[in-house]
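# A look at the structure
As a plain string of letters, each chain reads:
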Amino acid sequence: MGLFGKDETGSVQLDRALLPRHVAIIMDGNGRWAQKRGMPRSFGHKAGVEALRGIIRHSDDLGIEALTIYAFSTENWKRSAEEVGALMGLLLEYFTRELDELHRKNVCIRILGDIGDMPKGLERQQQALYAAMEKTRANTGLKLNIALNYGGRQEIVRAARMLARKVQAGEIGVDDIDMAHFEAELYTADLPEVDFMIRTSGEIRLSNFLLYQLAYAEFYQTDVLWPDFDENAYDEALLAYTKRNRRFGGV
Ligand code: FPP
C-alpha cells in the first residue's frame, strides 16, 4: 500500500496531512431514500440526522477543522407544512439531545443564516440555536457550521448592506472595501477557506449554498443518498480529495 489508498481489507487509508481543512456538505436525497421504502419524507430526514451524527463524529476523529452542512435553505419553507414541521421538530430534538455531548467534544457551533427571521411558532427552535452557539462559543475543537434559513445570495446582499452601513457611519471609505472587508461580513468570517464540497444523491448544482465561499473549492458528487452516506462513503470522498491537484487559477 502506498501513502494512501485502500488496505488489504478494502477500507480506505487516508493521508491526514492531505485532508481538507474545511468540508461543506449538501445532504441531499432524504426524501427519495424514504420514498424508496414507501415511507413519508420525514422518515428520510430522521435517517438523515443519524447519518449526520456519524459524519460529525468522523470529521472530529479525523481532525478536520471545519464542517459546514446545509440543513435548511431560505427556499425550503416552500415545502409542505408537514415536512417543514418535521424538519423543525428534528432540529429542536437534535439541539436538545446532542448539545451536551457536542460541548464535551469541544465542538464549536455556529449557525449560518437568518435565525432572527424564522416564522412564528419556532421560538423554541430559535432559543435552542442561540443557546447552542452561546454554550459552545469558546470551544476550540471541530467548528460545526449549520446553514439554516440560509441563502448564499441573501448572505452576499446582507454583507453589502453591512458594509454600506459602515461607509455611511464613516467607519471605512468606499475605496477601502476589499475582499477581507467583505469576507468579514459573511456568516463564515474567520473560518478557513472551504476546500471541499460534497453533494450526495447525484444532483450537480449549488442550490444557493456558499456562493462566495466555494470559489476555489473542489467539488465531489456521489449517487449515494444522504441517509446511506456513512463513514466509508465519506472516506471515499476524502480519498478523492487527497488525489486532486489544486491550482487556484495557476498552472
Ligand atoms: C435534502 O434532501 C435534505 C434537506 C432539505 C434537509 C437536510 C436536513 C437534515 C439531514 C436534518 C436536519 C439537520 C439537523 C442539524 C438536525 P431532500 O429532502 O431534498 O431529498 P430529495 O431530493 O430526495 O427529495
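Residues numbered from 1 in each chain as written. Predicted model: local features only at pLDDT ≥ 70, side-chain atom pairs only at ≥ 80, totals over all residues. Heavy atoms only, no water.

## Some remarks on the site of the ligand
Lining the immediate surroundings of the ligand are 17 residues, of which Asp28, Gly31, Arg32, Arg41 and Arg79 lie closest. Contact between the ligand and Asp28: an oxygen atom at 3.0 Å from a side-chain N or O atom of the residue. When the ligand is considered free in solution it has 630 Å² of accessible area, and contact with the protein chains removes 91% of it. Put simply, the parts of the chain that give the shell around the ligand at least two residues each are helix H1 (30-36), helix H2 (41-62) and helix H3 (81-104). Here the shell around the ligand is built from residues that sort into seven nonpolar, six polar and four charged. (Near = heavy atom within 4 Å. Polar contact = N/O pair within 3.5 Å; in protein donor to acceptor, adjacent residues only side chain to side chain. Areas by Shrake-Rupley, 256 points an atom, 1.4 Å probe, with all protein chains shown as cover. Helix = DSSP H or I, 4+ residues; strand = E, 2+ residues; numbered from the N terminus. Nonpolar A, V, L, I, M, F, W, Y, C, P; charged D, E, K, R; others polar.)

## Some thoughts on the packing of H3 against helix H4 (residues 123-136)
When two helices pack together, you describe them by how their axes are tilted relative to each other and by the distance separating the axes. At a minimum axis separation of 10 Å, H3 and H4 run at an interaxial angle of 20°. When the interaxial angle is binned, H3 and H4 end up roughly parallel. Here H3 runs over H4; the crossing is left-handed. Contacts between H3 and H4 involve Met88, Gly89, Leu91, Leu92, Phe95, Leu99, Asp100 and His103 from the first element and Arg124, Gln125, Ala128, Leu129, Ala131, Ala132, Lys135 and Thr136 from the second. (Axes fitted to C-alpha atoms, helices over the stretch in contact; angles between N-to-C directions. Parallel < 35°, antiparallel > 145°, perpendicular 65-115°, else oblique. Left-handed = near helix turned anticlockwise from the far one by under 90°. Contact = heavy atoms within 4.5 Å.)

## Some words on the side chain of Thr188
Turning to its location among the elements, Thr188 is positioned in the loop between helix H6 (179-184) and strand E7 (196-199). A residue is classified by how much of its surface remains accessible, and Thr188, at 11% relative accessible area, is buried. A distance of 2.9 Å separates the side chain of Thr188 from the side chain of Gln213, its partner in a polar contact. Residues contacting Thr188, with those up to four places away along its chain left out, are Arg110, Leu112, Glu155, Leu210 and Gln213. (Buried < 20%, exposed > 50% of the residue type's maximum accessible area, 1.4 Å probe, protein only.)

## Looking at the pattern of salt bridges
Applying the stated rule across the entire model yields 18 salt bridges. The partner of Glu50 in a salt bridge is Arg53, and the shortest N-O contact between them spans 2.3 Å. Placement of both Glu50 and Arg53 in helix H2 is noted, with a separation of three residues, approximately one turn of the helix. Look at Glu50 and you get partly exposed, because its relative accessible area is 48%. A relative accessible area of 19% means that Arg53 is categorised as buried. We note a salt bridge from Asp100 to Lys135, for which the minimum N-O separation is 3.2 Å. With a gap of 35 residues between them, Asp100 in helix H3 and Lys135 in helix H4 connect regions that are remote in the sequence. Shared partners join several salt bridges into a network, and the residues in it are Asp28, Arg32, Arg199, Glu203 and Arg205. (Salt bridge = Lys/Arg side-chain N within 4 Å of Asp/Glu carboxyl O.)

## What to know about the pairing of strand E3 (residues 22-26)
With five of five residues buried, E3 is to be regarded as a mostly interior element. Burial along E3 is two-sided: His22, Ala24 and Ile26 and Val23 and Ile25, pointing in opposite directions, are all buried. As paired elements, E3 and strand E4 (residues 66-73) share five bridges and run parallel to each other. Bridge pairing in E4 links Val23 to Leu67. Pairing of E3 with E7, which is carried by four bridges, proceeds in the parallel orientation. Note that in E7 the partner of Ile25 across the bridge is Ile198. (Pairing = 2+ DSSP bridges.)

## Observations concerning the packing of H2 against helix H7 (residues 231-242)
Running from amino to carboxyl end, H2 crosses H7 at an angle of 50°, the nearest separation of the two axes being 10 Å. As summarised for this structure, H2 and H7 are arranged oblique, according to the angle between their axes. For the crossing formed where H2 meets H7, the hand is right-handed. Where H2 approaches H7, its residues Gly54, Ile55, Arg57, His58, Ser59 and Leu62 are matched on the opposing element by Glu231, Tyr234, Asp235 and Leu238.

## Comments concerning H3
With 24 residues, H3 ought to run about 34 Å at 1.5 Å a step, and its terminal C-alpha atoms sit 35 Å apart, in line with that. Its axis deflected by about 55° at Glu98, H3 carries its strongest bend there. All of the buried residues along H3 are Glu83, Val84, Leu87, Met88, Leu90, Leu91, Leu92, Tyr94, Phe95, Glu98, Leu99 and Leu102. The secondary structure elements touched by the buried residues of H3 are H2, E4, strand E5 (108-112), H4 and strand E6 (143-150). (Expected span 1.5 Å × (residues − 1). Bend = angle between axes of the 7 residues up to and from the residue.)

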